[in-house]
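Breakdown of the fold
Listed below, chain by chain, are the residues.
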Amino acid sequence: MSATSVFPMCVRASRGLLRLRNGAAGASTTAVADIIRMLSTDKPPASSGGATGGLAQAILQERLQQQQQSQGQPPPEGGTGEKDGEQTEDKKQKENTAYAKKMVLRLAGLMGVGGAVGIVYIFDPPVLQQLKRTYKYFQDYRQMIIEPTSPKLLPDPLKEPYYQPPYTLVLELTDVLLHPEWSLSTGWRFKKRPGIDYLFQQLAPLYEIVIFTAETGMTAYPLIDSIDPQGFVMYRLFRDATRRFLPERDTSKVIVVDCKREAFSLPLQRHGLKKWDGNSEDRTLYDLANFLKTIALSGVDDVRSVLENYALEDDPIEAFKRRQAQLAQEEEQRLAELSQQKKQGLSLGSITSRFWRSKQQ
């Protein structure tokens, strides 16, 4: 092949490459096919020009394959394209076969389970009855955990000749009476708050004392036994009872003592305390006993009106102590004024009596 014939071929090949780069997919394929056809029909002599034509043809074929792969077109027939197409078809066929097998196995499993259930239902009533009993057992167990164990949290108030305290005191156990602590040497243990015995002794004749805690009965029962050996606590309510309040009692005579403001749905019934941190010098329960004893001895008709006055206080016990100190100071001042008036009255009477005696003489 001469230089004059090679030059036009290179020009046409370069134009075909430009159309491959910038043109549409169909036009690019046509242009490349024309270039390959032109190169294949020309039969160069055995010279250096033939090597140049073969190199150009190989470059064009490689560019054609790259262009078709980037545009998502199938490779040309023959050679590597045919092998890739066959491999793709085999892969898709294998995937479809595996999916079909999986679906058939699932369908067979469902049919087997359904058949077994049908056979048990028709031909084996004892097995079906056992399944029903098992289901009912789990239902009852779930109901026992969620709902209270009895329709009433507390029994009805005692009638005469039995003594029923006029008020009901509901106490939280954790962080009000006891504080949980953990250490490497002892593990978990509960520390008894100072003043529990004094609280129970002072309030037992005046209040129906109830422990109302979110702890489980298995945990809380021995703890209550340890802090109340004399049996001042009349009733014990645990986690299964915390979904209700006390509908069996007059709410105007019920006081709830807890350290969590969100613990009860009736805020006017609650007397909030600060959470006890285990301090052995704490005196809160002594002050609480005096506060509740004052309410009971005063014969308050509705305790909610009293608790409402302390509802906004951060520390109701401290507020009560301040008011008690102020009342004591006012009472002391009143007694001092009364004593002064009596002294003035006595002095005036003595002067008058002396004047009357001297006049008679």
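It should be noted that the structure appears before, not after, this text.
All values derive from a computational prediction rather than experimental measurement. (Residues numbered from 1 in each chain as written. Predicted model: local features only at pLDDT ≥ 70, side-chain atom pairs only at ≥ 80, totals over all residues. Heavy atoms only, no water.)

Within the secondary structure layout, Glu172 lies in the loop between strand 1 (167-171) and strand 2 (178-183). Under the relative-accessibility criterion, Glu172 is labelled buried at 7%. Within the local environment of Glu172, its side chain forms a polar contact with the backbone nitrogen of Thr174, the two atoms lying 3.1 Å apart. Not counting residues up to four positions away in its chain, the partners in contact with Glu172 are Leu177, Phe212, Thr213, Ala214, Val257 and Asp258. (Helix = DSSP H or I, 4+ residues; strand = E, 2+ residues; numbered from the N terminus. Buried < 20%, exposed > 50% of the residue type's maximum accessible area, 1.4 Å probe, protein only. Polar contact = N/O pair within 3.5 Å; in protein donor to acceptor, adjacent residues only side chain to side chain. Contact = heavy atoms within 4.5 Å.)

Right, let's talk about the packing of helix 6 (residues 196-203) against helix 8 (residues 284-297) for a bit. Look at helix 6 against helix 8: their axes get within 8 Å of each other, and the N-to-C directions meet at 10°. When the interaxial angle is binned, helix 6 and helix 8 end up roughly parallel. Only Leu285, Tyr286, Leu288, Ala289, Asn290, Leu292 and Lys293 of helix 8 make contact with helix 6, whose side of the interface consists of Ile196, Tyr198, Leu199, Gln202 and Leu203. Residues of the contact of helix 6 with helix 8, tallied by class, amount to nine nonpolar, two polar and one charged. (Axes fitted to C-alpha atoms, helices over the stretch in contact; angles between N-to-C directions. Parallel < 35°, antiparallel > 145°, perpendicular 65-115°, else oblique. Nonpolar A, V, L, I, M, F, W, Y, C, P; charged D, E, K, R; others polar.)

What the rule picks out here adds up to ten salt bridges. One salt bridge connects Asp282 with Arg193, and the closest N-O pair in it is separated by 2.9 Å. Note that Asp282 is positioned in the loop between strand 7 (270-272) and helix 8 and Arg193 in the loop between strand 3 (187-192) and helix 6, a separation of 89 residues in sequence. Classification of Asp282 by relative accessible area gives buried; the value is 14%. For Asp302, the salt bridge goes to Arg304, with nearest N and O atoms at 2.9 Å. Each of Asp287, Glu318 and Lys321 takes part in salt bridges that share partners, so that together they form one network. (Salt bridge = Lys/Arg side-chain N within 4 Å of Asp/Glu carboxyl O.)

Another point: the pairing of strand 3. Here strand 2 pairs with strand 3 via six bridges, running antiparallel. Bridging from a neighbouring strand, Ser183 pairs with Gly187 of strand 3. What sits between strand 2 and strand 3 in their antiparallel hairpin is a turn of three residues. (Pairing = 2+ DSSP bridges.)

We now examine the nonpolar core. Grouped together as the largest cluster of nonpolar side chains are 40 residues, with contacts concentrated most on Leu171, Leu173, Leu177, Leu199, Tyr207 and Ile255. Elements with a contribution of two residues or more to this core: strand 1, helix 6, strand 4 (207-212), helix 7 (217-227), strand 6 (254-258), helix 8, helix 9 (303-309) and helix 10 (316-360). The greatest single-element share of this core, amounting to seven residues, is contributed by helix 8. Per-domain counts for this core show at least three residues from each of domain 1 (167-303) and domain 2 (313-348). In this view, Leu171 contacts Leu177, Leu199, Phe200, Ile209, Val210, Ile211, Phe212 and Val257; residues no more than four positions away in its chain are not counted. Judged by nonpolar contacts, the second largest core, of nine residues, contains Leu154, Phe212, Tyr235 and Val254. (Core = buried A, V, L, I, M, F, W, Y, C linked by side-chain atoms within 4.5 Å. Domains from an automatic or database assignment.)

So, about helix 7. Every buried residue belonging to helix 7 is among Ala220, Leu223, Ile224 and Ile227, and all of these are buried. Down the axis of helix 7, the sector holding all buried residues measures 100°, keeping them to one side. Buried residues along helix 7 sit in contact with strand 2, strand 3, helix 6, strand 4 and strand 5 (235-237). (Arc of directions from axis to C-beta.)

Next up on the list: the pairing of strand 6. The element strand 6 is largely enclosed, with a buried count of five among its five residues. Covered by surrounding structure in strand 6 are Val254, Val256 and Asp258 together with Ile255 and Val257, the residues of both alternating faces. Pairing of strand 6 with strand 7 involves three bridges; the strand directions are parallel. From the neighbouring strand, Val257 faces strand 7, where its bridge partner is His271.

Moving on to the sheet that holds strand 5. Across the sheet, which stays open at both edges, the five strands sit in the order 5-4-1-6-7 with parallel pairing between neighbours. The sheet terminates laterally at strand 5 and strand 7, the two strands that pair on one side only. Each adjacent strand pair in this sheet contributes to an overall mean axis angle of 25°, direction not counted. Two strands pair when backbone bridges link them, and strand 1 and strand 6 are joined in this way by four bridges, in the parallel orientation. Following the sheet pairing, Val170 is matched in strand 6 by Val256.

Here we take up the packing of aromatic side chains. Considering all chains together, one arrives at five aromatic pairs under this definition. Considering the side-chain rings of Tyr167 and Tyr207, the 5.6 Å spacing of their centres and the 40° angle between planes classify their relative orientation as tilted. One end of the pair, Tyr167, is in strand 1; the other, Tyr207, is in strand 4, with 40 residues separating them in the sequence. Judged on exposure class, the residue Tyr167 and its partner Tyr207 are both buried. For the ring pair Tyr198 and Tyr286, a centre distance of 5.2 Å and an interplane angle of 40° mean the geometry is tilted. (Phe/Tyr/Trp six-rings, centres within 6.5 Å; stacked < 30°, edge-to-face > 60°.)

On the surface, Leu158, Tyr162 and Met234 cluster together into a nonpolar patch covering about 310 Å² of accessible area. Considering the arrangement of structural elements, one finds Leu158 in the loop between helix 5 (125-146) and strand 1. (Patch = residues over 30% accessible without salt bridge, like charges linked within 9 Å, V, L, I, M, F, W, Y side chains within 5 Å. Areas by Shrake-Rupley, 256 points an atom, 1.4 Å probe, with all protein chains shown as cover.)

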